[in-house]
2 protein chains.
Amino acid sequence: MTLESDFDLAAIYVSDAQYNRNICVDTSPQAVRLYLLYNHWVLKVLLYVFILVDLCLAVFEDPAVVPLPLWATMLVELLCLFVFTFRLTHYAKVIPREKFWKDPKNICIIVILMLTLLDMIIYGALKASDQYGVRWSRVLRPLLLVNVTEGRQLRRAFRSIRNALPEISYVFLLFIFSILIFSLMALKLMGKRGLKTLDGSPYFTNYFEIVFELYVLVTTANSPDVMMPAYNSSFFFAIFFIFYILVNTYIFMSVFLAVVYNNYKKYLKEEIRQLVRVKRQKMVRAFSVLQEVSEQGGVPTVNHAHWSRLVRRVQPRMSNAHRELLWSVLDHQNQGFIGQVQFVQVADLLNIEVITLKSRPHPFHSWFPALYSSTPCLLLCRLVRHRAFVILYDIIILVNAVFIGLDEDNPLISYSEWMFLVLYLLEILLKLSVFEPRAFFSRHSFWNWFDTIIVICALIATIINSAITSSGGYTSRQILDIIFILRVLRLIRVVDSIKRFRTIINTLIRIGPAILTFGQLILVIYYIFAIVGMELFKDKVKFFEADSSDPEKSFCGNPQLKGTSFAHLNYCKNNFNSIVSSFILLVELTVVNQWHDILHSGFATVTHTSARIFFVLFHIVVVIIIINIFVAFVLEAFFVEYSVEKSGLQTSLEKKIEELELGVEQYLDDNLVNAMETENDLERSESTANLPTLVFKIASKSK
Amino acid sequence: MTLESDFDLAAIYVSDAQYNRNICVDTSPQAVRLYLLYNHWVLKVLLYVFILVDLCLAVFEDPAVVPLPLWATMLVELLCLFVFTFRLTHYAKVIPREKFWKDPKNICIIVILMLTLLDMIIYGALKASDQYGVRWSRVLRPLLLVNVTEGRQLRRAFRSIRNALPEISYVFLLFIFSILIFSLMALKLMGKRGLKTLDGSPYFTNYFEIVFELYVLVTTANSPDVMMPAYNSSFFFAIFFIFYILVNTYIFMSVFLAVVYNNYKKYLKEEIRQLVRVKRQKMVRAFSVLQEVSEQGGVPTVNHAHWSRLVRRVQPRMSNAHRELLWSVLDHQNQGFIGQVQFVQVADLLNIEVITLKSRPHPFHSWFPALYSSTPCLLLCRLVRHRAFVILYDIIILVNAVFIGLDEDNPLISYSEWMFLVLYLLEILLKLSVFEPRAFFSRHSFWNWFDTIIVICALIATIINSAITSSGGYTSRQILDIIFILRVLRLIRVVDSIKRFRTIINTLIRIGPAILTFGQLILVIYYIFAIVGMELFKDKVKFFEADSSDPEKSFCGNPQLKGTSFAHLNYCKNNFNSIVSSFILLVELTVVNQWHDILHSGFATVTHTSARIFFVLFHIVVVIIIINIFVAFVLEAFFVEYSVEKSGLQTSLEKKIEELELGVEQYLDDNLVNAMETENDLERSESTANLPTLVFKIASKSK
């Protein structure tokens with residue numbers, strides 16, 4: 001007899017396998033129940049909310065965007081620390097004690113929590129006695145993102161980077177060697193010529209300056225300025241610089257990309273191989289919990305009832321039909337039970353997203369059957385489904401684009417906006433009256449959702465705006481901004497009509513979730529650099545509002561900046577005076593252009609030449625490593641797109657759907673690729689009667 | 001009986017197959033003899049010399065670096081045209097008439113020649129009557145490089161680009177669409193705020209200006225300047241720009257790389273597949289010319305004597321031993337004849353570079369046998385072969401680097417240079433006395449050649465320099481420059497001592513020949529843009545030497561440039577006034593940084609806003625397409641390096657070498673990877689007697 005707690009345990013194994021969690025749970029019923037609670041989505045969301053709050057504290061701490069008293073931020077941080085401790089204790093209760101202490105990520109969290117507490121005490125004491133203190137533990141905050149149980153993907157990315165580092169560092173050393181050699185040559189060739197730079201200082205006479213200038217040249221930030229004095233004196237020096245750029249900018253940077261890409265891929269592959277192994281182990285364990293041996297010496301099996309109960313526990317919201325479909329894939333001989341080999345596949349089967357489309361008749365059909373079957377109505381249906389309808393609306397959108405571009409102060413133009421809004425609303429209403437609403441707003445109809453939300457928002461904003469305008473004669477800039485953004489966003493819809501564009505866009509959308517992991521990676525790195533940068537450079541450069549008449553405005557409030565190009569270019573707002581401006585500055589440094597100017601005539605001038613270390617380090621970490629990984633990542637996504645391969649399971653599921661004649665494509669004239677986009681066409685009024693009540697579609701296939 | 005002319009024909013087929021030439025030669029003995037002449041290396045070199053001369057004419061034509069009278073350049077060009085016509089006629093004689101007229105590359109050459117002649121006549125007439133004329137046919141010159149018979153690789157590269165264009169253009173359209181949408185949003189959000197740019201002009205009020213500015217932002221050339229006015233007014237606008245950069249600079253540019261890489265690779269693969277087919281056909285034809293059918297109904301074969309004669313004709317400089325080795329690979333059952341299957345492999349076998357090392361005793365050994373076998377001499381040999389010897393010289397090189405960096409005016413330092421020279425000479429002499437000189441200077445000992453040439457050149461230059469200095473008390477700057485370059489180049493040697501570096505460097509060296517193809521591609525594109533640029537912008541911007549006191553110097557001789565940043569940054573030499581400065585300017589535009597400034601405050605100011613078209617077109621062609629292909633190309637080279645696979649033939653050749661116990665590795669303690677570098681160690685005095693007189697090594701294997 002299989003107990004209730006056994007099902008709990010099996011459900012845990014299966015869902016761990018499904019979501020690639022590699023956690024060794026204690027098998028006692030108590031731990032199992034705690035673990036189910038631990039994985040509850042509310043707790044996870046709460047954890048991330050508190051991590052976010054903890055990270056956002058930087059907005060309120062000195063140097064602050066919105067200053068809050070010290071006790072307030074300290075209190076919030078204590079609350080965060082408490083939540084993290086609670087979560088960790090919960091985790092400790094779930095897994096065996098010795099496993100807990102062997103796991104570096106738990107140790108990391110404990111160390112971070114202890115250090116933060118220590119820092120808070122020290123800082124509080126220092127502040128209380130009015131002394132200078134540094135909140136150094138703030139650098140550790142983003143590491144929580146990496147070390148919480150849910151940061152699996154992020155940890156994997158960091159591990160891949162760490163593993164790729166030795167290979168990268170060899171190329172990096174060679175690259176540095178090349179810069180050193182070229183610098184030496186530059187010193188010998190140009191140092192003795194008595195050349196002058198633009199500001200009259202001697203050109204290329206100090207070896208270490210040359211090294212730095214040539215490093216900057218690799219980033220192309222000081223091209224062609226660094227070359228001009230030499231080039232002006234002779235054509236031949238240009239050859240030196242061109243050769244330098246060819247070797248160091250083009251060849252070495254490509255080699256970096258190649259090495260990063262290759263290593264990242266290699267280690268990721270290894271990680272995935274390991275994941276598959278762990279997944280298999282989990283499923284085998286789940287099987288051994290539920291298995292029954294029917295006869296003497298027979299093979300252990302799991303019967304249909306147990307399987308159903310298990311799946312219902314793992315995914316309570318899965319439809320019965322979907323579950324039965326999966327069973328029929330596993331038990332293809334219809335024996336009523338499955339062996340271990342089939343059972344192991346369950347985790348992957350659950351991950352294949354199958355859209356269950358209920359082929360319901362349109363509500364209008366049941367409400368007003370006579371009207372719905374009338375000739376004008378049928379005609380309308382055919383009209384809306386026609387390709388010309390799409391083209392018509394594409395033209396309307398393009399006309400709208402021209403109108404948006406024209407001056408909105410013209411009353412004719414502003415009235416026309418109402419017309420366009422009505423046209424868009426009409427489109428949605430027409431579509432809704434023709435297609436079944438629940439199908440129209442199904443989870444995967446990205447563009448339908450997109451359209452509807454934007455049009456409704458635009459409608460609301462426009463009404464509010466005209467209400468304000470007509471009542472007070474005053475136009476709110478914020479609401480207008482929102483209206484403009486919504487209007488312009490509406491234009492993007494046009495892309496979906498062209499098939500080639502759609503495939504590119506779909507690939508980009510598919511990258512989305514992975515970009516989220518990447519975004520966390522960038523966030524961690526940026527946050528650390530921003531905190532360090534704020535401690536080093538805060539308030540060295542001040543920003544004055546445009547309407548300020550402060551005499552210090554022209555040199556960013558720092559006399560040392562008088563006459564520098566930093567002040568001249570009005571870069572005062574590029575500073576480390578708050579976490580927000582630090583982040584924006586770091587983005588500018590990532591883009592690389594002018595980083596040299598920001599550093600050289602800005603932060604190095606107000607502090608010390610060694611400020612270069614911070615900036616160069618940032619360049620190496622973010623531009624050479626992280627951005628290359630990002631590029632590698634997009635490359636890989638596109639290469640995979642170009643060589644589509646379906647997993648065996650996906651094919652067998654598909655085959656089953658076809659066998660059962662429940663596939664979407666059977667009811668559509670369009671080919672597979674169009675199946676997704678014309679999903680809404682599914683419900684053809686004329687053929688409703690012949691349709692089975694349910695059809696399935698594999699989500700990832702044609703997207 | 002096989003005739004002499006049959007051997008000629010077969011040799012042609014084999015060498016065509018070997019060098020992947022796809023030419024349908026007429027099979028008449030006369031045409032075959034002409035074709036042999038056509039492929040003679042002297043004629044090929046001559047052709048390239050004349051193409052080079054033709055291209056270099058731009059240096060002497062108006063606008064010239066070195067002005068020559070019109071009749072001189074015209075005469076040289078006529079000579080070039082004559083040579084090209086001659087070469088084409090030669091080609092026409094070799095292949096069947098109908099094939100000649102069907103080949104687009106021949107038609108291309110004829111059209112180019114005709115147009116050039118026409119242009120020369122028109123231009124000459126216009127000049128004679130003192131009217132304005134444009135030498136427009138100069139744009140066609142680089143196309144000769146593509147269309148000559150030998151430009152196979154280049155044509156292949158261009159074909160791959162052309163085939164990839166449709167795919168690239170879809171992404172490009174989407175990219176342009178994205179820029180247009182973002183620009184519209186920027187116009188609506190920022191246009192009405194009354195913001196001002198740095199120079200006081202209204203900010204983001206003209207749609208087309210915004211589109212251009214945002215296009216420039218994709219290249220990062222105007223970051224963060226373009227964002228500053230908006231950012232200074234509100235934090236939120238920075239988010240707009242960051243999102244823009246993320247989408248257009250990072251994602252779209254990566255997608256471009258992905259698409260270019262993928263398509264380039266795909267089409268190149270197809271081309272190679274076709275090449276292999278053609279190669280097979282050629283070899284089958286060669287076989288059918290030489291084949292003999294020994295008995296009734298027997299399989300046709302080629303016997304050893306015929307094969308030898310054929311190979312001797314194809315590669316006259318191949319050693320007998322090498323040829324016999326190849327035969328033994330083909331005829332592994334020692335039957336004295338080979339069938340068609342084996343014969344087809346000959347072309348590939350000939351392409352595998354096998355180094356024949358004659359294991360001769362050291363000349364000293366035969367000249368002074370007593371001295372050479374004495375204890376001190378043997379000790380010296382062991383010393384030089386020791387790892388410590390290499391390390392010692394690496395340290396010497398590093399010390400030398402420090403000395404070079406120090407001021408050479410110090411007499412101690414300048415004397416030390418003599419010491420280093422002597423040390424380096426001593427190293428080479430020691431190595432020469434220990435290793436067999438012909439092995440030391442074998443074709444694949446890159447570093448030995450490198451060292452020797454540099455040290456000897458440095459010695460000569462230093463002697464000349466001190467002769468001049470001591471006689472006239474005057475130091476020649478040019479000779480000093482050469483000495484410095486040689487000294488610094490010597491330092492590169494250090495890289496070879498570290499294995500990890502060596503593999504990276506070797507991969508880069510291996511890319512070398514292919515980069516040459518790529519260099520031709522760039523040359524063709526640059527030349528066309530340079531010629532067009534010269535016609536559009538020549539003499540709009542003038543450069544004055546540093547010591548000139550001309551009042552026009554401060555604004556590059558063009559009053560319209562007064563006060564522009566172009567003049568301020570002293571960019572006057574970045575102009576289109578000669579082919580050389582055009583090329584350098586185009587390199588600067590390829591590097592992208594500041595291209596916006598060069599265009600906007602430079603060439604657009606002195607001509608018209610539409611100058612942008614030229615610059616943007618250059619950016620699209622060179623940066624988006626060509627540079628991405630270059631990166632794709634380096635990536636591919638490294639990926640191939642990471643997944644080394646030997647062809648089956650190479651392995652069987654290797655196996656044969658091992659079987660015959662003639663492999664290098666049998667006589668070395670080091671492993672395979674070191675085999676190459678320690679090639680010189682081969683001749684161990686103590687084991688000379690036991691060595692066979694010949695050993696083989698596959699060149700590409702361990703390089």
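Rules and cut-offs
- Each chain carries its own residue numbering, running from 1 in the written order of its sequence.
- By the order in which they are written, chains take letters starting at A while ligands take numbers starting at 1.
- Residue-level local features of this predicted model are given only where pLDDT is at least 70; pairs of side-chain atoms are given and counted only at 80 or more, and the full residue set underlies all totals for whole chains, interfaces and linings.
- The basis for every side-chain value is the complete set of heavy atoms in the structure, and neither hydrogens nor water enter the calculation.
- Helical segments are the DSSP runs of H or I of at least four residues, strand segments are the runs of E of at least two, and each set is numbered from the N terminus.
- Residue exposure (1.4 Å probe, protein chains only): buried if accessible area is under 20% of the type maximum, exposed if over 50%, otherwise partly exposed.
- Superposing the copies works by least squares over the C-alpha atoms of residues that have pLDDT at least 70 in both of them.
- The criterion used for residue contact is that any of the two residues' heavy atoms lie within 4.5 Å.
- Points on a 1 Å grid, built from protein atoms alone, make a cavity when a 1.4 Å probe fits but cannot get out and make a pocket when they are open with protein on both sides within 12 Å along at least 5 of 7 lines; residues with an atom within 4 Å of a point are the lining residues.
- Grid points are joined across faces, edges and corners, and a volume is the space filled by probe spheres set on the points.
- The classification used treats Ala, Val, Leu, Ile, Met, Phe, Trp, Tyr, Cys and Pro as nonpolar, Asp, Glu, Lys and Arg as charged, and all other residues, Gly among them, as polar.
- Given the number of residues in a helix, its expected span is that number minus one, multiplied by 1.5 Å.
- What counts as buried area is the accessible surface, traced by a 1.4 Å probe, that two parts surrender upon association, with contributions from both included.
- Throughout this description, a polar contact denotes any pair of N or O atoms lying within 3.5 Å of each other; where both atoms belong to protein, one of them has to be capable of donating a hydrogen while the other can accept it, and for residues adjacent in sequence the pair is counted only when both atoms sit in side chains.
- Salt bridge, as used here, is a side-chain nitrogen of Lys or Arg placed within 4 Å of a carboxyl oxygen of Asp or Glu.
- Stacked, tilted and edge-to-face are the three classes assigned to paired rings of Phe, Tyr and Trp, where Trp is represented by its six-membered ring and a pair needs centres within 6.5 Å; plane angles under 30 degrees give stacked, over 60 edge-to-face, the rest tilted.
- The rule is short: NZ of Lys or CZ of Arg within 6 Å of the ring centre and within 35 degrees of the ring normal puts a charge over the ring.
- Confidence of the predictor in every single residue is expressed as pLDDT, which spans 0 to 100.
- Defined by distance alone, a disulfide is two cysteine sulfur atoms within 2.5 Å.
- Joining through side-chain atoms within 4.5 Å is the link that ties buried Ala, Val, Leu, Ile, Met, Phe, Trp, Tyr and Cys residues into a set, and such a set is a nonpolar core.
- To obtain each axis, a line is fitted to C-alpha atoms, and for helices this fit is confined to the stretch in contact; angles are then taken between N-to-C directions over 0 to 180 degrees.
- Roughly parallel means an angle under 35 degrees; roughly antiparallel means over 145; roughly perpendicular covers 65 to 115; every other angle is labelled oblique.
- Crossing chirality is assigned from the near helix's rotation relative to the far helix, an anticlockwise turn below a right angle marking it left-handed and a clockwise turn marking it right-handed.
- Like charges within 9 Å and nonpolar side chains (Val, Leu, Ile, Met, Phe, Trp, Tyr) within 5 Å are joined into patches, using only residues over 30% in relative accessible area that form no salt bridge.
- All accessibility values rest on the Shrake-Rupley procedure with a 1.4 Å probe; residue burial counts only the protein chains present in the view.

Draft legend 1. Representation of the overall build of chain A within the structure. If you tally the helices and strands in chain A, you get 30 helices and 4 strands. By residue count, 52% of the 703 residues in chain A fall in the buried class.

Draft legend 2. Highlighting the relation of the copies chain A and chain B. Between chain A and chain B, which share one sequence, the superposing operator has a rotation angle of 180° and an axial displacement of 0.0 Å; the RMSD is 0.1 Å. The symmetry that links the two subunits is that of a two-fold axis. Relative to the rotation axis, the C-alpha of Asn593(A) is the closest in chain A, positioned 3.6 Å from it.

Draft legend 3. Seen up close, the side chain of His596(B). Along the chain, His596(B) turns up in helix α27 (residues 595–606). Once residues within four sequence positions are removed from consideration, His596(B) is found in contact with Phe212(B), Glu213(B), Val216(B), Ala221(B), Asn222(B) and Ser601(B).

Draft legend 4. Up close: empty space enclosed by the protein. By the definition in use, this model includes 15 cavities of 30 Å³ or more. Roughly 1,100 Å³ of volume is contained in the largest cavity. Forming the walls of the largest cavity are 37 residues, and the residues nearest its centre are Thr249(A), Met253(A), Thr249(B), Tyr250(B) and Met253(B). Secondary-structure elements contributing two or more residues to the lining of the largest cavity are α11 (235–290), α26 (579–591) and α28 (611–642) of chain A together with α11 (235–290), α26 (579–591) and α28 (611–642) of chain B. Here the residues of the lining of the largest cavity are counted per class, giving 21 nonpolar, 16 polar and no charged.

Draft legend 5. Fine view of helix α27 (residues 595–606) of chain A. Residues and elements named next belong to chain A. Compared with the 16 Å implied by 1.5 Å per residue over 12 residues, the 15 Å span of α27 between its first and last C-alpha is a close match. With respect to burial, α27 is a largely interior element, 10 of its 12 residues being buried. By the burial criterion, the buried members of α27 are Trp-595, His-596, Asp-597, Ile-598, Leu-599, Ser-601, Gly-602, Phe-603, Ala-604 and Val-606.

Draft legend 6. Structural view of the interface of chain A and chain B. Between chain A and chain B, the residue contacts involve 88 residues of the former and 88 residues of the latter. Around 8,500 Å² of area is buried between chain A and chain B when both sides are counted, 71% of it from carbon and sulfur atoms. Among the residues chain A hides against chain B, the three largest losses belong to Lys188(A), Tyr250(A) and Lys573(A). Together they make up 8% of the total. Remark: the boundary between chain A and chain B carries 20 residue pairs in polar contact (both at pLDDT 80 or more). Where the side of chain A that touches chain B is concerned, the elements lending two or more residues are α8 (152–190), α10 (228–233), α11, α19 (387–405), α23 (477–491), α24 (499–537), α26 and α28 of chain A. Ranked by the residues each element gives to the side of chain A that touches chain B, the list is headed by α11(A), at 13 residues. Residue composition of the side of chain A that touches chain B, by class: 59 nonpolar, 15 polar and 14 charged.

Draft legend 7. Examining the pattern of salt bridges more closely. One pass over the structure, following the stated rule, counts 53 salt bridges over all chains. Between Glu535(A) and Arg138(A) there is a salt bridge, and its shortest N-O distance comes to 3.6 Å. With Glu535(A) in helix α24 and Arg138(A) in the loop between α6 (104–128) and α7 (141–147), this residue pair connects regions lying 397 residues apart in the sequence. Residue classification places Glu535(A) among the partly exposed residues on the basis of a relative accessible area of 22%. On the accessibility criterion, Arg138(A) (1% relative accessible area) is buried. Glu271(B) is paired through a salt bridge with Arg159(B); the nearest N and O atoms lie 2.8 Å apart.

Draft legend 8. Here's a closer look at the packing of aromatic side chains. Evaluated as defined, the whole model comprises 86 aromatic pairs over all chains. Stacked on the ring of Phe212(B), the Lys or Arg Arg612(B) has its end atom at 3.9 Å from the ring centre.

Draft legend 9. Just the confidence of the model for chain A, in detail. Per-residue confidence for chain A gives a mean pLDDT of 82; residues scoring 70 or more make up 89%. The low-confidence segment residues 664–692 of chain A (pLDDT under 50) makes 63 contacts with residues lying over four places distant or belonging to another chain.

Draft legend 10. Spotlight on helix α22 (residues 446–472) of chain B. Residue and element names in this part refer to chain B. Its 27 residues place the ends of α22 39 Å apart at the C-alpha level, agreeing with the 39 Å of an ideal helix rising 1.5 Å per residue. Among the residues of α22, Trp-447, Asn-448, Phe-450, Asp-451, Thr-452, Ile-454, Val-455, Ala-458, Ala-461, Thr-462 and Asn-465 are the ones counted as buried. Looking at the buried side of α22, the elements it contacts are α20 (411–434), α21 (437–440) and α23 (477–491).

Draft legend 11. Quick peek at the state of the cysteines. Under the defined criterion, the tally for this structure stands at 2 disulfides over all chains. At a sulfur-sulfur separation of 2.0 Å, the disulfide partner of Cys556(A) is Cys572(A). Disulfide Cys556(A)-Cys572(A): the torsion about the S-S bond is -65°, which places it as left-handed. With Cys556(A) in the loop between α24 and α25 (565–568) and Cys572(A) in the loop between α25 and α26, this pair connects stretches of sequence that are 16 residues apart. Accessibility classification places Cys556(A) together with Cys572(A) in one group, the buried group. The thiol of Cys56(B) is not disulfide-bonded; the next cysteine sulfur, from Cys80(B), is found 9.8 Å away. With a relative accessible area of 36%, Cys56(B) lands in the partly exposed category.

Draft legend 12. Fine view of the nonpolar core. One finds Phe241(A), Phe343(A), Phe241(B) and Phe343(B) to be the most contacted residues of the largest nonpolar core, which totals 410 residues. With residues near it in sequence (within four places) discarded, Phe343(B) still touches Val14(B), Met283(B), Ala286(B), Phe287(B), Val302(B), Trp307(B), Leu310(B) and Ile338(B).

Draft legend 13. Up close: the packing of α24(A) against helix α8 (residues 152–190) of chain B. The contact between α24(A) and α8(B) brings their axes to 10 Å, and the two run at 75°. Between α24(A) and α8(B), the angle falls in the class roughly perpendicular. Taken together, the residues of α8(B) that come into contact with α24(A) (itself represented by Arg500(A), Phe501(A), Ile504(A) and Ile505(A)) are Glu167(B), Tyr170(B), Val171(B), Leu173(B) and Leu174(B). Considered class by class, the residues forming the contact of α24(A) with α8(B) number 7 nonpolar, no polar and 2 charged.

Draft legend 14. Quick look at the environment of Leu52(A). Residue and element names in this part refer to chain A. With respect to the helices and strands, the residue Leu-52 is situated in helix α3 (residues 41–60). What makes Leu-52 exposed here is its relative accessible area of 52%. With 89 residues separating them in the primary sequence, Leu-52 and Arg-141 have C-alpha atoms 9.8 Å apart.

Draft legend 15. A look at unusual backbone geometry. Put simply, Asp62(A) and Pro63(A) share a cis peptide bond, and its omega is -5°. Mapped onto the elements of the fold, Pro63(A) is located in the loop between α3 and α4 (70–94). Omega for the peptide link from Ser223(B) to Pro224(B) comes to -5°, which places this bond in the cis form. Of note, Pro224(B) is situated in the loop between α9 (207–218) and α10 (228–233). Even without glycine at this site, Phe204(A) takes up a positive phi of about 55°. Looking at the element boundaries, Phe204(A) is found in the loop between α8 and α9 (207–218).

Draft legend 16. Fine view of the packing of helix α19 (residues 387–405) of chain B against α23(B). All names here are of chain B. Axis separation between α19 and α23 bottoms out at 9 Å; the angle between their running directions is 145°. In the crossing of α19 with α23, the sense of the turn from one axis to the other is left-handed. Of the residues in α23, those touching α19 at Ile-397, Ala-401 and Ile-404 are Arg-487, Val-488, Arg-490 and Leu-491. Along the lines of polarity and charge, the residues of the contact of α19 with α23 split into 5 nonpolar, no polar and 2 charged.

Draft legend 17. Main features of a nonpolar patch on the surface. Residue and element names in this part refer to chain A. Together, Trp-41, Val-42, Val-45, Leu-46, Val-49, Val-53 and Val-76 line one region of the surface with nonpolar side chains, adding up to about 570 Å² of accessible area. Counting residues per element, the nonpolar patch draws most heavily on α3, which supplies 6 residues. If you trace the backbone, Val-49 turns up in helix α3.

Draft legend 18. A look at the environment of Phe337(A). Residues and elements named next belong to chain A. Here Phe-337 shows up in strand β2 (residues 337–338). Phe-337 sits 10 residues away from Trp-327 along the chain, and the two C-alpha atoms are 9.4 Å apart. Residues contacting Phe-337, with those up to four places away along its chain left out, are Thr-301, Val-302, Asn-303, Trp-327 and Asp-331.

Draft legend 19. Local environment of the side chain of Thr219(A). Residue and element names in this part refer to chain A. Assignment of secondary structure puts Thr-219 in the loop between α9 and α10. Separated by 2.5 Å, the side chain of Thr-219 and the backbone oxygen of Val-216 make a polar contact. Filtering out sequence-adjacent residues up to four positions away, Thr-219 remains in contact with Val-592, Trp-595 and His-619.

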